[in-house]
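# Working through the structure, step by step
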Amino acid sequence: MAEKAVQRETVLSLRETIAQIENRRLPGVVRAAKAADPAGFRRQREEASRNKILPLGVPPLDDVLEGGLPLAGMTEIRNAETRDAGAAAGFVTALAVLCQRRKKEKGHLAPVLWISQGLASREAGFPYAPGLKSYGLDIERFLFVSIRTVKDALWVAETALSVPVFAAVILEIRGNPACLALSESRRLHVRARAGCLPLLLFRQAGEEEASSAFFRLQIKPASAGERPLPDGSMLCGSIGHPAFHVLVEKSRAYASADIFLEWNAHDRRFYPIDQSVASQADGQSANSVDPFSASVGRSNGADSLGNLLAYARAS
Amino acid sequence: MARIRWGTSWLTQGRPDHPPVVFAAKIDNAMRLVALDTFAERLGLKRGQGAADARAMCPSLDVIIDDPAADRAFLEGLADWCDRYTPLVALDGKDGLFLDITGCAHLFGGEKALVDDVLSRLFLLGIEARAVISSSAGLSWAVARYGSAAVIAPEDAERVLAPLPVAALRLPVETVALLERVGLKEIGDLLQAPRAPLARRFGSLLLLRLDQARGHADEPLSPRLPVPSFSAERRLAEPLQDEEHILELARHLSGDVRLSLERHGEGGRLFELLLIRVDGRVFRIQAHAAVPLNDADRIAALFRERLQAVHNDLDAGYGFEIIRLSVLRSERLDPAQEDFSGVPDESQPLAAFADKLCARFGPDCLTFATLAESHLPERAGGFAPLTDVATVIGSRPVDEKACPENRPLRIFTHPELVEATAEVPDGAPRSFNWRKTQYRIARAEGPERIAAEWWIDGEGHPTRDYFRVEDQEGRRFWLFREGLYGRETSSPRWFMHGVFA
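Structural notes, computed from the coordinates. (Residues numbered from 1 in each chain as written. Chains lettered and ligands numbered in written order. Predicted model: local features only at pLDDT ≥ 70, side-chain atom pairs only at ≥ 80, totals over all residues. Heavy atoms only, no water.)

### Here's the deal with the overall build of chain A
- When you go through chain A residue by residue, the secondary structure sums to 10 helices and 12 strands.
- The 315 residues of chain A split such that 50% are buried.
- Taking all contacts inside chain A whose residues are at least 6 apart in sequence as the whole, residues at least 24 apart take part in 70%.
- In the form shown here, chain A has an accessible surface area of approximately 14,800 Å², with 54% of it arising from carbon and sulfur atoms. (Helix = DSSP H or I, 4+ residues; strand = E, 2+ residues; numbered from the N terminus. Buried < 20%, exposed > 50% of the residue type's maximum accessible area, 1.4 Å probe, protein only. Contact = heavy atoms within 4.5 Å. Areas by Shrake-Rupley, 256 points an atom, 1.4 Å probe, with all protein chains shown as cover.)

Spelled out as structure tokens, the structure:
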């Protein structure tokens, strides 16, 4: 009997380890076994797991992200073309604002660190302090590092992840450099998990590439709504809150194709916007639904030929 | 110079077969000798002689054009090297160094031993030098050039000084000539003469120099480098080459420095690691700290990054024999007591991070956002190097600066020229070409008119009309038209200044 219990314990711990390596939730059996612990321990664990997730307040997105933005680990956010960098920067900044606000609620005034490859910020523009401030970021606690090479940027990011004071670390990289391959992204991810920090890898004008991030989101621009007037009607022809079109490319949950949101800088939170209204505004986004069936547990869509990455060369 | 001419053979016994070497420079519109080696001196050549005359006396003469900058650099290098004896090293003219060895001599086994050590080491480096220790700078200067003694006790000063020529008093050439004409050839003659007539006839400088040589008047030396407030040093019997070992030693030294820092209740902001190579080359590596530091590990960590950054410039050669760690700038460090809540001080890890970054990429690397009160967008916001970590962490009162709404998230440092077409000359654009792509504008807000700041740029700068536009796919841009149509310009240009979220 005792032997069986030991075996069972071993199997459970192995499954837990595997689940951790795969960034998965704990399998049901393991969870049940854990829940059998004395009450004090269980509550603490549950709280710990809840602490690691930041809900974004948009149900479809939170469903895909399994509750919200992971606060310990790497999330990749990319945009397809340089000209879309504004939208992606807006989404990344919004996430940073949320992280910062969460820390503030806990009584910490935490800075946000933005590490940018020099080329990336020259191509798509430097972060602009008044703009960031009106976007909701605590500009007094915003640190910016511009670094010439990708390798140095990775070094800075890795160093920063061991500093527990940051609310979020943003690493902005342009394209798909060879020195940020699967193993490097795995290393950053592990560092971020160990340091309990959210690392937002902002890949500007990059291809879809295998990485160790929890999730990969592609951000496309979306037409903004109109400004509301005091009497409740909308001001025709005006540009309201910034809106985003989020494509979930990598996730464990069943990936729904398109999510439309808008960022309300005044309330400092996301609001979902009606998809039909958004697709009415620009005719093209109606066609952007992926024709292939969405895949579960791996990246969305098949890679085109010559884009296979992270495999050793046969010859 | 000998080393360059003869390679390593300068160390051999006796002089290689080579004509006498002299240096010449253009003085008073003629090439004159300014320096000559002992061999040339023996031939009867003199300083100040014309180069052509000297060639006539010795046809095989090797004349080299004088290079004051190289001389200066050499003297500076030598002064660096002399840092091993005392931190107070002053340059003296073109060919001398003053070392203030107050309180240092006993470290080398007495004054005589110190002089011998200096001279023998310099000889091994291929430098012929003369050194004198005395109680005043003037006396040392005189004896080193005109006398022959190594250490002069204070009570012997006048006895040693008396037989020296008056030129040993560091006087202008004219005064020396004047003194010699009236028969006052030796300093002893001056010492006996009454002071008042001397001052009347030759000026007060003569008496000042005389007093300085005798040690009656104080002569301040101006050291090349500020004296570090704290320093620790290690002399090695076996030279060190390995970076790891240097770091390890730096850590030991930081432990020593830490003790004295703690005693004074201070922490260092600027550290310097001085490495003296076996062949006399001196390396100085400086490292900044974001907050006052007195922790040995943190100080050593500063240099770990710094050494990696300067890795290529640091040529260990045959190894380093002296390593010194000094604190160049220190600030008050209030000892912090850990409180019972167990919450660690949050600024410490951030400060360590800032230090690492600055040590590796320079002090301008880590920046924080600044807001300025300016109408022009490019002046209103910027980034400045982070100097005080506490401002980022602490809850200081936020000075609310009025910040205009509707500013882009990203801005181009140099606005990019676009070709835009508008329906009416003053109106919003309908479409524009940016980076070889055409964008059709669906909605536009504006204009927001921003005039140039005449009190900075001067008058005549065109006014800008900013438009916030959204293209058909939902990208939002910030465009401006430079110049008011019809009033300031007839063909206004359009620029892309930033992108919105």
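### Looking at the overall build of chain B
- Looking only at helices and strands, one finds 17 helices and 17 strands in chain B.
- Put simply, chain B has 501 residues, and 42% of those count as buried.
- Taking the intrachain contacts of chain B between residues at least 6 apart in sequence as the baseline, contacts between residues at least 24 apart amount to 52%.
- Split by element, the accessible area of chain B, about 27,100 Å² in all, is 51% carbon and sulfur.

### Quick notes on helix 4 (residues 68-82) of chain B
- Taking 1.5 Å of rise per residue, 15 residues should cover 21 Å, and helix 4 of chain B covers 21 Å from first to last C-alpha, within 8% of that figure.
- Lining the buried residues of helix 4 of chain B we find strand 4 (89-92), strand 5 (96-99), helix 5 (111-124), strand 7 (266-277) and strand 8 (282-293) of chain B. (Expected span 1.5 Å × (residues − 1).)

### Observations concerning the interface of chain B and chain A
- Chain B puts 62 residues into the contact, and the matching count from chain A is 68 residues.
- Note on chain B versus chain A: buried area summed over both sides is about 5,100 Å², and carbon and sulfur give 59% of it.
- Here chain B and chain A share 5 salt bridges between them.
- For the pair chain B and chain A, the interface holds 16 residue pairs in polar contact (both at pLDDT 80 or more).
- Among the elements that line the side of chain B that touches chain A, the one with the most residues is helix 14 (residues 347-361) of chain B, at 7 residues.
- Class assignment of the residues belonging to the side of chain B that touches chain A gives a composition of 31 nonpolar, 11 polar and 20 charged. (Buried area = accessible area lost by both parts, 1.4 Å probe. Salt bridge = Lys/Arg side-chain N within 4 Å of Asp/Glu carboxyl O. Polar contact = N/O pair within 3.5 Å; in protein donor to acceptor, adjacent residues only side chain to side chain. Nonpolar A, V, L, I, M, F, W, Y, C, P; charged D, E, K, R; others polar.)

### A short note on the packing of aromatic side chains
- Tallied over the full model, the rule gives 28 aromatic pairs over all chains.
- On the basis of an interplanar angle of 75° and a centroid distance of 5.7 Å, the ring pair of A:Trp155 and B:Phe361 is categorised as edge-to-face. Placement of the pair is A:Trp155 in helix 8 (residues 150-160) and B:Phe361 in helix 14, with the two residues belonging to separate chains.
- For B:Phe361, a relative accessible area of 26% puts it in the partly exposed group.
- Their ring planes at 35° and their centres at 6.2 Å tell us that A:Phe214 and A:Phe215 sit as a pair that is tilted. (Phe/Tyr/Trp six-rings, centres within 6.5 Å; stacked < 30°, edge-to-face > 60°.)

### Examining the sheet that holds strand 2 (residues 30-36) of chain B
All names here are of chain B.
- Across the sheet, 3 strands lie side by side as 2-1-3; this open sheet has mixed pairing. Across the chains shown, the open sheet's two edge strands, defined by having one partner strand only, are strand 2 and strand 3 (62-65). Between one strand axis and the next, the sheet turns by 45° as a mean value, whatever way the strands run. (Pairing = 2+ DSSP bridges. Axes fitted to C-alpha atoms, helices over the stretch in contact; angles between N-to-C directions.)

### Focus: the sheet that holds strand 4 (residues 112-117) of chain A
- Strand order in the open sheet formed by 11 strands is 12(A)-11(A)-10(A)-9(A)-3(A)-8(A)-7(A)-4(A)-6(A)-10(B)-11(B), and the pairing between neighbours is mixed. Of all strands in the sheet, those with a lone pairing partner are strand 12 (269-272) of chain A together with strand 11 (381-385) of chain B, marking the two edges. The mean inter-strand angle of the sheet, taken between neighbouring strand axes irrespective of direction, is 30°.
- Here strand 4 of chain A pairs with strand 6 (residues 142-147) of chain A via 6 bridges, running parallel. Within the sheet, the bridge partner assigned to A:Gln117 lies in strand 6 of chain A and is A:Ile147.
- Packed on one face of the sheet, helix 9 (residues 182-195) of chain A meets strand 3 (73-78), strand 7 (168-174) and strand 8 (198-204) of chain A and runs near 130° to strand 3 of chain A.

### A closer look at the environment of A:Leu56
Residues and elements named next belong to chain A.
- As for its position among the elements, Leu56 is in the loop between strand 1 (53-54) and helix 4 (59-64).
- The sequence separation of Leu56 and Leu95 amounts to 39 residues, and the corresponding C-alpha distance is 8.3 Å.
- When neighbours within four sequence positions are excluded, Leu56 is seen to be in contact with Leu61, Asp62, Leu65, Leu69, Leu95, Leu98 and Phe270.

### Here we look at the environment of B:Asp295
Residues and elements named next belong to chain B.
- Topologically, Asp295 is positioned in the loop between strand 8 and helix 13 (296-309).
- Residue Asp295 is classed as partly exposed on the basis of its relative accessible area, which comes to 30%.
- Sequence separation between Asp295 and Arg251 is 44 residues, and the spatial gap between their C-alpha atoms is 9.8 Å.

### A few points about unusual backbone geometry
- A positive phi angle, near 55°, is found at A:Cys196, a position not held by glycine.
- Residues other than glycine seldom take positive phi values, yet B:Lys436 does so here, at roughly 65°.
- Its location among the elements puts B:Lys436 in the loop between strand 13 (429-434) and strand 14 (437-450).

### Points about the nonpolar core
- Within the largest apolar cluster, 68 residues are counted, with the highest numbers of intra-cluster contacts made by A:Leu113, A:Phe166, A:Leu171 and B:Phe353.
- In this structure B:Phe353 touches A:Leu113, A:Val156, A:Thr159, A:Ala160, A:Val163, A:Phe166 and B:Leu366, once residues within four positions along its chain are discounted. (Core = buried A, V, L, I, M, F, W, Y, C linked by side-chain atoms within 4.5 Å.)

### Considering the pairing of strand 12 of chain A
Residues and elements named next belong to chain A.
- Pairing analysis gives 4 bridges linking strand 11 (residues 258-264) to strand 12, with the strands arranged antiparallel. Within the sheet, the bridge partner assigned to Leu261 lies in strand 12 and is Pro272.
- What sits between strand 11 and strand 12 in their antiparallel hairpin is a turn of 4 residues, with Arg268 showing a positive phi close to 55°.

### Focus: the packing of helix 10 (residues 195-202) of chain B against helix 11 (residues 204-214) of chain B
Residue and element names in this part refer to chain B.
- Two elements in contact, helix 10 and helix 11, have axes separated by 6 Å at closest approach and are oriented at 125°. Classified by the interaxial angle, the pair formed by helix 10 and helix 11 is oblique. The residues of helix 11 that touch helix 10, namely those facing Arg195, Leu198, Ala199 and Phe202, are Ser204, Leu206, Leu207, Asp211 and Arg214.
- Class assignment of the residues belonging to the contact of helix 10 with helix 11 gives a composition of 5 nonpolar, 1 polar and 3 charged. (Parallel < 35°, antiparallel > 145°, perpendicular 65-115°, else oblique.)

### Thoughts on the pattern of salt bridges
- Scanning all chains against the criterion turns up 48 salt bridges over all chains.
- Among the salt bridges present, the one from A:Arg203 reaches A:Glu76, with a minimum N-O distance of 2.9 Å. In this pair, A:Arg203 is assigned in strand 8 and A:Glu76 in strand 3, connecting sequence segments 127 residues apart.
- Classification of A:Glu76 by relative accessible area gives buried; the value is 0%.
- Measuring nitrogen to oxygen at the nearest pair gives 3.7 Å for the salt bridge that ties B:Arg72 to B:Glu76. Residue B:Arg72 and its partner B:Glu76 are located together in helix 4, separated by 4 residues, close to a single helical turn.
- B:Arg72 sits in the partly exposed class, given a relative accessible area of 42%.
- Where salt bridges share partners, they join A:Glu81, A:Arg83, A:Asp84, B:Asp471, B:Glu473 and B:Arg475 into one cluster.

### Observations regarding helix 11 of chain B
Residues and elements named next belong to chain B.
- With 8 of 11 residues buried, helix 11 lies mostly within the body of the structure.
- Of the residues making up helix 11, those classed as buried are Leu206, Leu207, Arg209, Leu210, Asp211, Gln212, Ala213 and Arg214.
- Looking at the buried positions of helix 11, the neighbouring elements they touch are helix 6 (137-146), helix 7 (157-161), helix 8 (173-181), helix 9 (187-192) and helix 10.
- The first or second residue beyond helix 11 is Gly215, which carries a positive phi of 85°.

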